[in-house]
Structure formats: structure tokens, C-alpha cells
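Report on the structure
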Amino acid sequence: MVALGEVDALFDPGDAVARPPRAWAAGRLRSIAWWRGIVLVCTGAFFLIPLFAALRFSLESFSGALTFSAFTAIPTQPGFTAALSLSIHLAVVTTLITLGLMVPTAVYVHLRLPRLRPIFDGITILPIVIPPVVLIVGVLQVAPTSLKGTPYLLALVYVVLAMPFVYRSVDAGLRAIDLKTLVEASRSLGGRWPSTVWRVIVPNLRTGILSATVLTVALVLGEFTMASLDLYQTLPVWIYNFFLSGNGHVSTAVSLLALVVTWLVLLVISSFDLRRIRRMAQARRDA
Amino acid sequence: MAVTASDRRHSTDVVGAAVEMTGLRRRFGATQALDGFTLTLQPGELVALLGPSGCGKTTALRVLAGLEMLDAGGVLVDGVDQARIPAQKRDMGMVFQSYSLFPNMTAQDNVAFGLRMRKVGAQARRARALQHLERVGLASEAAKYPHQMSGGQQQRVALARALAIEPRVLLLDEPLSALDAKVRLQLREQIRVLQTRLKITTLFVTHDQEEALSMADRVCVMRAGRIEQVDTPSMLYSVPATPFVAEFVGTMNRIPGVISGDRVRLLSTEAAVRPSTGAPSGPYASGTPVDVFVRPEGLAVTPSPQGGGTVVTTTFLGSITRLGVLLDEDVMVYVDLPTTADPVVAGSAVEVTLTERDVMVAERAATPGAAGSLTP
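Residues numbered from 1 in each chain as written. Chains lettered and ligands numbered in written order. Predicted model: local features only at pLDDT ≥ 70, side-chain atom pairs only at ≥ 80, totals over all residues.

**So, the overall build of chain A**
- On a plain count of helices and strands, chain A comes out with 14 helices and 0 strands.
- When the helices and strands of chain A are read in sequence order from the N terminus, they spell out α-α-α-α-α-α-α-α-α-α-α-α-α-α.
- Counting over 287 residues, chain A shows a buried share of 30%.
- For chain A, restricting intrachain contacts to residue pairs at least 6 apart in sequence, the fraction spanning at least 24 positions comes to 76%. (Helix = DSSP H or I, 4+ residues; strand = E, 2+ residues; numbered from the N terminus. Buried ≥ 20, exposed ≤ 12 C-beta atoms within 10 Å, placed from the backbone. Contact = placed C-beta atoms within 7 Å.)

**Here's the deal with the nonpolar core**
- Within the largest apolar cluster, 160 residues are counted, with the highest numbers of intra-cluster contacts made by A:V157, A:V170, B:A48, B:L64 and B:L171.
- Broken down by element, the residue count for this core peaks at 15 residues, all from helix α8 (residues 152-175) of chain A.
- Every residue in contact with A:V170, bar those within four places of it in the chain, is listed here: A:M102, A:V103, A:A106, A:L205, A:G208, A:I209 and A:A212. (Core = buried A, V, L, I, M, F, W, Y, C linked by C-beta atoms within 7 Å.)

**Overview of the sheet that holds strand β6 (residues 92-95) of chain B**
Residue and element names in this part refer to chain B.
- As summarised here, the arrangement of the 6 strands in space is β6-β7-β8-β3-β9-β10, forming an open sheet in which the pairing is mixed. At either end of the open sheet lies a strand with only one pairing partner, and these are β6 and β10 (226-231). Strand-to-strand, the axes of this sheet are offset by a mean angle of 15°, without reference to chain direction.
- Two strands pair when backbone bridges link them, and β6 and strand β7 (residues 169-173) are joined in this way by 4 bridges, in the parallel orientation. (Pairing = 2+ DSSP bridges. Axes fitted to C-alpha atoms, helices over the stretch in contact; angles between N-to-C directions.)

**Details of the environment of A:V160**
All names here are of chain A.
- Residue placement: V160 occurs in helix α8.
- Residue V160 is classed as partly exposed on the basis of its 19 C-beta neighbours within 10 Å.
- It is 10 Å that separates the C-alpha atoms of V160 and P132, two residues lying 28 residues apart in sequence.
- With residues up to four places along the chain from it excluded, the contact list for V160 reads P127, L135 and V139.

**A look at the packing of helix α5 (residues 151-164) of chain B against helix α6 (residues 181-198) of chain B**
All names here are of chain B.
- Taken N-terminus to C-terminus, the directions of α5 and α6 make an angle of 15°; their axes are 11 Å apart at the nearest point. Taken together, the axis directions place α5 and α6 in an arrangement best described as roughly parallel. Helix-helix and strand crossings are classified by hand; for α5 and α6 the assignment is right-handed. Across the interface between the two elements, G152, Q155, R156, L159 and L163 of α5 pack against V183, L187, I191, L194 and L198 of α6.
- The residue makeup of the contact of α5 with α6, split by class, is 7 nonpolar, 2 polar and 1 charged. (Parallel < 35°, antiparallel > 145°, perpendicular 65-115°, else oblique. Left-handed = near helix turned anticlockwise from the far one by under 90°. Nonpolar A, V, L, I, M, F, W, Y, C, P; charged D, E, K, R; others polar.)

**Some points on the interface of chain A and chain B**
- With 19 residues of chain A in contact, the opposing surface of chain B contributes 22 residues.
- Breaking the side of chain A that touches chain B down by element, the ones donating at least two residues are α9 (179-188), α10 (193-204) and α14 (248-286) of chain A.
- Among the elements that take part in the side of chain A that touches chain B, α9(A) stands out by supplying 6 residues, more than any other.
- Looking at the side of chain A that touches chain B residue by residue, the class counts come to 8 nonpolar, 6 polar and 5 charged.

**Re the sheet that holds strand β18 (residues 331-338) of chain B**
Residue and element names in this part refer to chain B.
- The strand order β15-β19-β16-β17-β18 describes an open sheet built from 5 strands, whose pairing is antiparallel. Each edge of the sheet is formed by a strand with only one pairing partner; in this case those strands are β15 (299-303) and β18. The average angle at which neighbouring strand axes cross in this sheet is 40°, direction not considered.
- Of the strand pairs in this sheet, strand β17 (residues 320-327) and β18 are connected by 8 bridges, and their pairing is antiparallel. Following the sheet pairing, L323 is matched in β18 by V335.

**Digging into the packing of helix α4 (residues 122-135) of chain B against α5(B)**
Residues and elements named next belong to chain B.
- The N-to-C vectors of α4 and α5 enclose an angle of 130°; their axes lie 9 Å apart at closest approach. Classed by the angle they form, the pair α4 and α5 counts as oblique. Handedness of the α4/α5 crossing: right-handed. Taken together, the residues of α5 that come into contact with α4 (itself represented by R128, A129, H132, L133 and R135) are A160, L163 and A164.
- Looking at the contact of α4 with α5 residue by residue, the classes come out as 5 nonpolar, 1 polar and 2 charged.

**Focus on the confidence of the model for chain B**
All names here are of chain B.
- Per-residue pLDDT for chain B has a mean of 85; in total, 91% of the residues score no lower than 70.
- Across residues 277-281, confidence stays below pLDDT 50; counting only partners more than four residues off in sequence or on other chains, it has 9 contacts.
- Within the model, pLDDT remains below 50 along residues 368-373, and this stretch shows 16 contacts once partners closer than five positions in the same chain are excluded.
- Scoring of the predicted complex yields 0.77 for pTM and 0.80 for ipTM. (pLDDT = per-residue confidence, 0-100.)

**Topic: helix α11 (residues 206-222) of chain A**
- The terminal C-alpha atoms of α11(A), which comprises 17 residues, lie 24 Å apart, in line with the 24 Å expected from a rise of 1.5 Å per residue.
- Of all the 17 residues making up α11(A), 12 are buried; the element is thus mostly covered by neighbouring parts of the structure. (Expected span 1.5 Å × (residues − 1).)

**Examining the domain arrangement of chain A**
All names here are of chain A.
- Considered domain by domain, chain A is made up of domain 1 (4-59) and domain 2 (79-286).
- Listed per partner, the contact involves 4 residues of domain 1 and 5 residues of domain 2.
- Considered class by class, the residues forming the side of domain 1 that touches domain 2 number 3 nonpolar, 1 polar and no charged. (Domains from an automatic or database assignment.)

**Regarding the pairing of strand β4 (residues 72-77) of chain B**
Residues and elements named next belong to chain B.
- Strand direction decides the pairing type here: strand β1 (residues 19-28) and β4, joined by 5 bridges, are antiparallel. Directly across from V19, in β4, lies its bridge partner V77.
- Across 2 bridges, the pairing between β4 and strand β5 (residues 80-81) is antiparallel. If you follow L76 over to β5, its bridge partner there is D81.

In C-alpha cells, the structure reads:
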């Protein structure tokens, strides 16, 4: 804790003048580092203590002994494989549809309608502020009849939910490149639109697209409300129902496992780009 | 730069197209970017579009490339109307001002991109890309990504990429403006050598008059979407058609004078009024005050205590030294002397005389202080 006098001293111009500037700056940095450490510990505790409690609970038998039985029993639980498969399926479909819609839209807005970018920013943030029930009703109104009654309807809802994150990720990626010049260079070399998008735009949007994919996969694998309202047994819904049916230890173990698996998937996706960033940084240093 | 076998082959079989741009008009909001722009390029010719920022030179180039729509007018390439031909089918190589290499591709892949779009087989396009990189002296950098190369190298790769598709017209949109002076000079030479060797019709946009004058067969000076003059660099410099061209190209003194019959009086002497398109539609009446345009090399100084001029600045410019002379009535003129001539020091009293026999005149500028000014 910084004493009141120390804080005052930090902002006291007379003190700052009296001390050598470098020493003053070093003292200030130490103070910031100290506060940063406290924030980090508090945040870590906030996230890790519940996880630790959940892990302990899932490892405890009724007798109080530690056992992995809750984890080893997961694959044989009724409905687990179907729920996991559905969640993964929905994550893939949602990601493909969202990227398929948002990448061309963001590219078009950047190239042809740059003045409308603030409006698109506003529109794409709507799913965050609109209640989920309203979204479901909206999607039901416009969804093709053939999709109603299938889990793909849920994917459409997820597409709407993921839109703000995906649009922003792609938009940030587009802002980082000179899109107009790259597209014009491609066209002047004979590149048609599909080639330009596939060979020039998408590879240079890799970071944005990977961020969008990470966010969409995380959203779909963890989403509960929509799936529950639509009565589909995705993994989160299955975990909740399984918990209600008196299988607390196993459902908690599944939750933890799902968390770890999701985290690993996100890590793998991110590492594609990390490797590229490191390679580019190394190349820059070499140059 | 080495002449490759490919160069020799190309020097005989690659000939640029004839380009005709007629009555081009393009408006962006309140700005008339092109206002009846008409220009013809002969096959194999390098024409520079020169003008201040916003004069429409890049718009004209982009219209030719098919990257900009037209409000009116037409573009013919080898007699074929380009109105309905999209950019990707025009066969025009383009080098942009900003580094436009694809960041996700190596130099070789960048150069091969246009060939890939033309369905050239993988091996053939790699070989041809390497040839073109060799042509710009960058074969050893073929495997490098754009971020691993300097700005000059990137623009050379961009040039190789534009040439690799064997374009009928080469479009250069201020390709040297982002480079430092030394690299700019080298690349300027390289572009000119390649263009001459390959005989590609080239339109080169620049706001740098030195670049335009040193590289182009003809220079087209533009202002406010219109052409002021199209001519060879030497004619543009020695016989400017308008006061704007006179002041925009090279260095020009604007000295007050008075019309006397078909001559003009200035600096205690007289000179014939040069006929030019920028001259008044009819002869000026005797006694009309005018501005006379004279290059610094068209003036001379002689030491004279009663000469009416005082040297206030001397600037060493290599083979010449430029004197700034303050005349009576606060008129400042600049005079170029060979550096080897007798040195004239600041503070010397001199007489400034005219060495040209005929001069260009224009109506006296209304702006105070405009007369006697120098346009560098």
C-alpha cells in the first residue's frame, strides 16, 4: 500500500524538481509495477479460486477421498458425445457462415462505402444490446422454413450474436493494410475478384480472421441461453441438465474439461498467427 | 544493369500501344478533377504528367488504368475503346506510389502473380519472375518478403511485377516519391533504361519537375484538370506556353516591365515580346504595365556603383552560383553565373542586364509582391 504522504510526494512538483529526473521516473515505475502486481493477483484470484474449487469438487468422492472417476466416466455418460458433437458442429458452421458474411461485407464497406463505416459499426453492435429472445424471434421470422426444427437455426442465431466480434476483428485487420492499393494492384495485374479476395485480401487479413474465429468458437462453445431456449442439447445445456439430474461431480468435471479443451483450441488457433508474427519480427530484426 | 537475353528478345517484339484520351471529364463532389483532358501517347513513348497536387494527373492515369470511372470522354488503346473493358483485362502494368507489394508473398511470388492470373504454368512463371527480378537487379532477393526489403527494393520489385505481364502500357503513379534522394535517382535511371529498351508506352505521374524533365519524351503540365502545355522537356523549359508553365517548370523571375510598341521595356533595356499561347489575345497598348518572365540564366550582372542593384544573397549550386539581387522599387531578381566567373560578393553594387532577345510577358499580377518574385 502506498502511504498518503508517498502519493502526495509523487505529485509534488517541488519534490520532482528536487530529485534527479531519472530517479523520480524509476520510483514512479516501481510504484506502477507494485500496483500492477496487486491488480494481477486480485484478478487471478477472481478467476482461479472458482476453478480450483470446481476442480477440487470434481476430484472428491462422496467419502472425501481424491479420485479421477468423475473424469474417466465422462465419455460414457448418456448424451455427452451427441452434445459435444453438436457444439463443435455448430461452432464450425457458425464460424464459416459468419466469416462468409462479414469478410466480404467489411471489405466492401472499406472499399466502396468508407463513409458508412460508423453506421456499420453501430449496426453490428446491436446484437450485444438486443435481448436474446428478441434475436430468436427475429431469426425465426427470416430463417428459411427448411432450417426450422434443425440445429442450424441455432447457428443462424449464433451468427447474429457473433457479428459484433467478427466484424470488429475483420475491420481492425482491414485498417491495418492498404486495402485499396492491394486490390488495385491485383486488378491491374489481371486478378479477378475471387482471386483478389482469396490470394490477396484473405491472407493479409489472417490475424483479423483468426481473432474472429477464436471469438466465434469461444462464443458458440460457451453459449447457454439461446440453446436452452431453442431446446437443443449443446454442451453447456447438457452440462446444466446433467447437473440438475444429480450428477454434480461429473458435470463439474465436464465443465472443467470443456474449459481446458476450448482454451487449447483457442491456443492452437492463435498459435498459427503467433508463429507468423514471430517470424516477421525475426525477419525485421535480421533486416 | 545487365542486359539479359530476355531483354534483347523483348526489345524487338514488345512494342507499346498507342493511347488516345479524349475530352476526359471527372468530378469528385465540388472538385472538377478532369476538365476536358485530351492527350495522345505514341507507341513506346514516355509521357510525364506534371502538375501541383490536386491538378488531376493521378485521376487521368487511373482512368487509363480502368480504376476510375469517367463522367465524359473516352480512352482508346490501339484504337480500341476501353469504356467496357475492366481494369483486370486492360493489360496495363502499374506501379503505385505506396509500396503495393502483396505482404503475404515473396518478391518472386509477387512478380509471378500477374502470370498466375494469366494461367502460366508454375515452373514457367517462376522462371519468368526470376528473369524479371534479375532485370531489376534483385534476383538474389527473390525469396524475401516485402517487409524484409528496403523501399527502393520494393519499388523495383513492383516495377518487375508490372513488367512481367508484358503490358501494352506502363503506368507509373509517383513511384519514386516515397524514396530517398539517392535511391530515387538510381531508380529513375533504371526505369528510363528499361522503358527505352522494352519500348513500352508509359504514362508517368509526378509532381517533381526534375523527374519529369529528365525522364520523359514529352511532359504534360496540368492545372485544375486541364492541360496547360504538352511538349518536349527542352521546349517546355525554353518556350513555356503559359505563365503557369513558365513559373511551374524550372526557376523563373517575374520582373515588372512596360510595353513599348511591339517591345517591352525593363531593366533599362528593351526586348521583343515573344508570341505564345499565354500571351494576351491582342497586342498590349504602349505604356501597359506587364510582368516579364526571364530565367536566371537570361540575366547578367556587371559591377556598377550606379547600376541600381545590390547583391543580397549568393548561393553556390555546383557549376553555377545564383545571386539574389535587390533592384530599385524592392524588386528581387535572381541571376545565375558560372561558378568559374569572377566572384561577386553579397553587398556589391551591380547592374542587371537582359541577355535574352525576346521575352514572355503577362498582365501585371494583381497580388502585391508577385512581380519580382522567383518561382523555384
